[in-house]
Amino acid sequence: MDDQVRKFSHILINSLGGDRGLIEPEVTPLTMKSGDRLLVCSDGLSDMVDDAAIAAAMGATEDLDELCQQLIDLALQAGGKDNITVVVGEITAAAAIEETAEYAAHSG
């Protein structure tokens, strides 16, 4: 596991109550535009497939269902030593407009 992944590996555990104490969310604002994609995955993908291969698949496959399956297949081909969970979302123009309006309402 590289340092960048290790840096964030606690977030899912914390969110699921792994600490059993007070859960403190970590929020990082992102500026996203229409067409941007967001990947949420388990270490079954991130431990088996390097970032460059994941990024290449994310940019090369348009259909989101097909993309998720392709990412799972890459992890399986690399040995698939753990459960593999992949969720990909894509920002649409409407979502980007709503997010911008919501941010403006809360920051102004």
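Whatever comes next refers back to the structure up there.
Report follows, based on the coordinates.

Considering the overall build of the protein chain
- Secondary structure assignment for the protein chain yields 6 helices and 2 strands.
- Looking at the protein chain as a whole, 19% of its 108 residues qualify as buried.
- The long-range fraction of contacts in the protein chain, counting pairs at least 24 apart against all pairs at least 6 apart in sequence, stands at 62%.
- Surface exposure of the protein chain reaches about 8,000 Å², of which carbon and sulfur atoms provide 55%.

Considerations on helix H4 (residues 51–60)
- Among all positions in H4, only Ile54, Ala57 and Met58 are buried. Around the axis of H4, the buried residues are gathered within 100 degrees of arc, so they sit on the same side. The exposed residues of H4 that point more than 90 degrees off its buried face are Ala52, Gly59 and Ala60.
- Lining the buried residues of H4 we find strand E1 (37–41), helix H3 (43–46), helix H5 (64–77) and strand E2 (86–90).

Observations regarding the pattern of salt bridges
- Per the stated rule, a full pass over the model turns up 2 salt bridges.
- With a shortest N-O distance of 3.8 Å, Glu90 and Arg37 are connected by a salt bridge. Residue Glu90 is located in strand E2, and its partner Arg37 is located in strand E1; the two are separated by 53 residues in the primary sequence.

Structural notes on the side chain of Ser42
- Along the chain, the position of Ser42 falls in the loop between E1 and H3.
- Given a relative accessible area of 16%, Ser42 falls into the buried group.
- At 2.9 Å, the side chain of Ser42 forms a polar contact with the backbone nitrogen of Thr85.
- Not counting chain neighbours up to four residues away, the residues in contact with Ser42 comprise Asn83, Ile84 and Thr85.

Cut-offs used in this document
- Residues numbered from 1 in each chain as written.
- Predicted model: local features only at pLDDT ≥ 70, side-chain atom pairs only at ≥ 80, totals over all residues.
- Heavy atoms only, no water.
- Helix = DSSP H or I, 4+ residues; strand = E, 2+ residues; numbered from the N terminus.
- Buried < 20%, exposed > 50% of the residue type's maximum accessible area, 1.4 Å probe, protein only.
- Contact = heavy atoms within 4.5 Å.
- Areas by Shrake-Rupley, 256 points an atom, 1.4 Å probe, with all protein chains shown as cover.
- Arc of directions from axis to C-beta.
- Salt bridge = Lys/Arg side-chain N within 4 Å of Asp/Glu carboxyl O.
- Polar contact = N/O pair within 3.5 Å; in protein donor to acceptor, adjacent residues only side chain to side chain.

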